[in-house]
Amino acid sequence: MADSQPAISDEGYVSSAELADAAAQYVAMLESEYGAEKRESLVTAAELRVRIAQESKGLKAARARLATLLLRGTEARDECDILRRENALDGSVLLELDQRTSSYLRVGQLDLASRSARLQTDLIYGAKRFEPQAGRAIAPRRIRITTPVLTIQKLRHDIEQFEYLRERNILGDEFCEVINHYEDLIRRLTPLGPEARMPLSPADEGKLGDKYSRLIHVRESPELPDVLSGSWNREAVESEYLNDSNGVAVVDDFLTAEALESVRSFCLESTIWFTNRYAHGRFGAFFREGFNSPLLLQIAREVAKAFPAIVGDRTLRQLWGFKYGEQLPGETVHADFAAVNLNIWITPESANRDAATGGLYIYDCKAPLTWSFDEYNRRPELIRGFLRHRGARSRYIPYKVNRAIFFNSNLFHGTAPLDFRAGYENRRINVSFLYGDRMEEADDLGSPRPSAAAQSSASRVGWRSASFARFRTG
Ligand SMILES: [Fe+2]
């Protein structure tokens with residue numbers, strides 16, 4: 001353990017010695033159960049079944065203790081590697097971490113949730129890193145949930161981001177070669193159409209040198225003295241939300257200039273835009289996949305404190321950013337899993353070529369609570385039919401930088417078609433904070449309230465990133 005600073009936990013201080021002791025105990029337990037060589041080779045499904053069935057209480061307890069202390073203590077790389085190795089055996093470490101992240105969020109322990117989520121991100125997306133002691137780059141034992149998918153838009157975005165980081169001397173010349181490989185891949189994909197998707201092959205991954213969809217750089221984003229600007233009236237915003245028949249309030253000049261600039265730099269610099277399953281070059285970055293910083297959590301906390309009548313005692317359940325391509329031809333209608341969404345736009349409106357587009361539509365119609373996450377979030381045709389049938393009307397909120405919109409998550413809503421200028425810094429970005437759970441809300445459109453078990457299962461699906469949902473069910 002190199003770290004000499006004690007780390008603050010929810011139950012006091014965890015010392016480095018305590019962590020080292022837990023790690024040593026854990027390794028000793030593993031070796032006594034399997035032997036050092038056997039432990040490394042337990043990889044087949046049959047062996048796994050035997051191993052899980054036979055795992056002793058002592059080993060389980062040692063692992064649980066280590067994982068708990070890791071989350072409360074420091075981020076010691078040796079111990080992270082132990083967790084990676086163990087997860088390669090049965091996947092349970094990642095599941096445990098995900099459950100911990102969810103539990104910490106549910107009870108409002110944001111610092112612990114952040115630490116747990118960061119470890120999840122590192123286990124899945126960690127890139128090669130230089131180890132001064134070893135004098136060489138070390139590739140972590142990453143956990144692969146799904147095969148990364150190459151798309152033209154993602155490769156273009158990443159090239160622009162690498163160039164942006166090179167201009168700032170954050171990345172070095174070695175990325176020129178990476179960019180050349182990316183351009184080769186774009187040439188290969190182009191004949192297959194603009195939305196072509198191709199799984200990243202081991203050969204291409206080898207050529208790209210561990211760079212595609214990796215945490216190559218994450219911008220430091222510490223807390224600031226002030227994050228919410230003083231230019232709006234808190235009571236007026238709350239009464240707008242409470243008096244609106246649907247639950248919508250719009251606030252301009254929401255963040256301080258410093259907070260806005262820092263969130264924007266975090267989004268521009270950090271290589272966290274992993275979710276590329278959407279069309280038209282739209283990318284998502286989620287809390288468990290790197291959209292996680294002290295500043296973002298400070299904003300989440302201060303918003304909850306400043307707007308008690310809107311957020312109430314609901315806890316933060318998800319944080320995300322979305323980054324768009326130059327054009328989006330149609331609206332992305334859906335509802336979200338939370339009780340309250342806070343959406344903030346952070347790209348200057350000078351990037352918007354058409355002031356009549358690029359904003360947000362919010363309908364005066366909620367998703368029935370009986371609908372599944374898939375139905376209310378990912379089935380636009382089903383939703384459009386429902387909205388037509390209900391005679392729903394939409395309110396259009398024009399795009400403006402630093403404009404915040406509070407709205408009931410369960411209202412159908414969607415990003416309007418957009419047309420933004422070319423250039424990496426002109427990409428439209430929104431950040432969202434989601435509080436509470438739609439299932440906890442009492443008012444519905446008369447649909448029967450689902451059972452507690454159904455509520456619990458539906459909310460679990462909603463909080464997780466799609467990749468993790470695939471991991472759990474696949
Ligand atoms: Fe949404």
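Residues numbered from 1 in each chain as written. Predicted model: local features only at pLDDT ≥ 70, side-chain atom pairs only at ≥ 80, totals over all residues.

Caption draft 1: Representation of the overall build of the protein chain. The helix and strand inventory of the protein chain stands at 18 helices and 17 strands. Taking all 474 residues of the protein chain together, 41% fall into the buried category. Sequence separation of at least 24 residues holds for 82% of the intrachain contacts in the protein chain that already meet a minimum separation of 6. (Helix = DSSP H or I, 4+ residues; strand = E, 2+ residues; numbered from the N terminus. Buried ≥ 20, exposed ≤ 12 C-beta atoms within 10 Å, placed from the backbone. Contact = placed C-beta atoms within 7 Å.)

Caption draft 2: Summary view of the nonpolar core. Ala-300, Ile-346, Phe-406 and Tyr-435 are the most contacted members of the largest nonpolar core, which totals 89 residues. With eight residues, the single largest contributor to this core is helix H7 (residues 110-125). Not counting the four nearest positions on each side in its chain, Phe-406 is found in contact with Tyr-241, Val-248, Ala-249, Ile-310, Val-340 and Leu-342. Grouped together as the second largest cluster of nonpolar side chains are 12 residues, Leu-150, Ile-152, Leu-155 and Leu-171 included. (Core = buried A, V, L, I, M, F, W, Y, C linked by C-beta atoms within 7 Å.)

Caption draft 3: Highlighting the sheet that holds strand E15 (residues 411-415). The strand order E13-E12-E15 describes an open sheet built from three strands, whose pairing is antiparallel. Since the sheet does not close on itself, it has two edges, and those belong to strand E13 (394-397) and E15, each with one partner. In this sheet, adjacent strand axes meet at a mean angle of 20 degrees when their direction is disregarded. By the bridge criterion, four bridges tie strand E12 (residues 360-366) to E13 in an arrangement that is antiparallel. Residue Tyr-363 lies in a different strand from E13, and its bridge partner there is Ser-394. (Pairing = 2+ DSSP bridges. Axes fitted to C-alpha atoms, helices over the stretch in contact; angles between N-to-C directions.)

Caption draft 4: Here's a closer look at H7. Over its 16 residues, H7 extends 21 Å from the first C-alpha to the last, a length consistent with the 22 Å expected when each residue adds 1.5 Å. The buried fraction of H7 amounts to 15 of the 16 residues, a majority that puts the element mostly inside the structure. (Expected span 1.5 Å × (residues − 1).)

Caption draft 5: A look at the environment of Gly-414. Mapping Gly-414 onto the fold places it in strand E15. The class of Gly-414 is buried, set by 20 C-beta atoms lying within 10 Å. As a C-alpha pair, Gly-414 and Leu-360 span 54 residues in sequence and 5.8 Å in three-dimensional space. Setting aside residues up to four positions removed in sequence, Gly-414 forms contacts with Glu-331, Thr-332, Val-333, His-334 and Tyr-361.

Caption draft 6: Expanded view of the pairing of E15. Across the five residues of E15, five count as buried, placing the element largely inside the fold. Residues of E15 alternate between two faces, with Leu-411, His-413 and Thr-415 on one and Phe-412 and Gly-414 on the opposite face, all of them buried. Of the strand pairs in this sheet, E12 and E15 are connected by four bridges, and their pairing is antiparallel. Bridged to Leu-360 within E15 is Thr-415.

Caption draft 7: Layout of the confidence of the model for the protein chain. Summing up the model confidence of the protein chain, the mean pLDDT is 80 and the portion of residues at 70 or higher is 69%. Low pLDDT (under 50) marks residues 39-50, which in the prediction has 10 contacts with non-local residues, meaning those over four places away or in another chain. (pLDDT = per-residue confidence, 0-100.)

Caption draft 8: Fine view of unusual backbone geometry. Positioned with a positive phi, Asn-169 is a non-glycine residue whose angle comes to about 60 degrees. Within the secondary structure, Asn-169 sits in the loop between helix H8 (152-167) and helix H9 (174-189). The exposed category is assigned to Asn-169, around which 7 C-beta atoms lie within 10 Å.

Caption draft 9: The arrangement of the sheet that holds strand E8 (residues 283-286) in detail. Reading across the sheet, the six strands line up as E7-E14-E11-E17-E9-E8 and stay open at both edges, with antiparallel pairing between neighbours. The sheet is open, and its two borders are formed by strand E7 (248-251) and E8, each paired with just one other strand. Within this sheet the neighbouring strands show an average axis-to-axis angle of 20 degrees, counted without direction. Relative to strand E14 (residues 404-408), E7 is paired through four bridges, and the arrangement is antiparallel. Bridge assignment links Val-250 to a residue of E14, and that residue is Ile-405.

Caption draft 10: Structural context of the packing of H8 against H9. Interaxial distance between H8 and H9 falls to 9 Å at its minimum, and their mutual angle equals 160 degrees. If you check the angle between H8 and H9, you find them roughly antiparallel. Taken as a pair, H8 and H9 cross one another with a handedness that is left-handed. Residues Ile-152, Leu-155, Arg-156, Asp-158, Ile-159, Phe-162 and Arg-166 of H8 form the contact with H9, whose participating residues are Phe-175, Val-178, Ile-179, Tyr-182, Leu-185, Ile-186 and Leu-189. (Parallel < 35°, antiparallel > 145°, perpendicular 65-115°, else oblique. Left-handed = near helix turned anticlockwise from the far one by under 90°.)

Caption draft 11: Fine view of H8. Counted at 1.5 Å a residue, the expected span for H8 with its 16 residues is 22 Å, and the 23 Å between its end C-alpha atoms agrees. Along H8, the positions that sit buried rather than exposed are Ile-152, Gln-153, Lys-154, Leu-155, Asp-158, Gln-161, Phe-162 and Leu-165. On the buried face of H8, the contacting elements are strand E5 (149-151), H9, helix H12 (257-269) and E8. Immediately downstream of H8, the backbone of Asn-169 shows phi near 60 degrees, a positive value.

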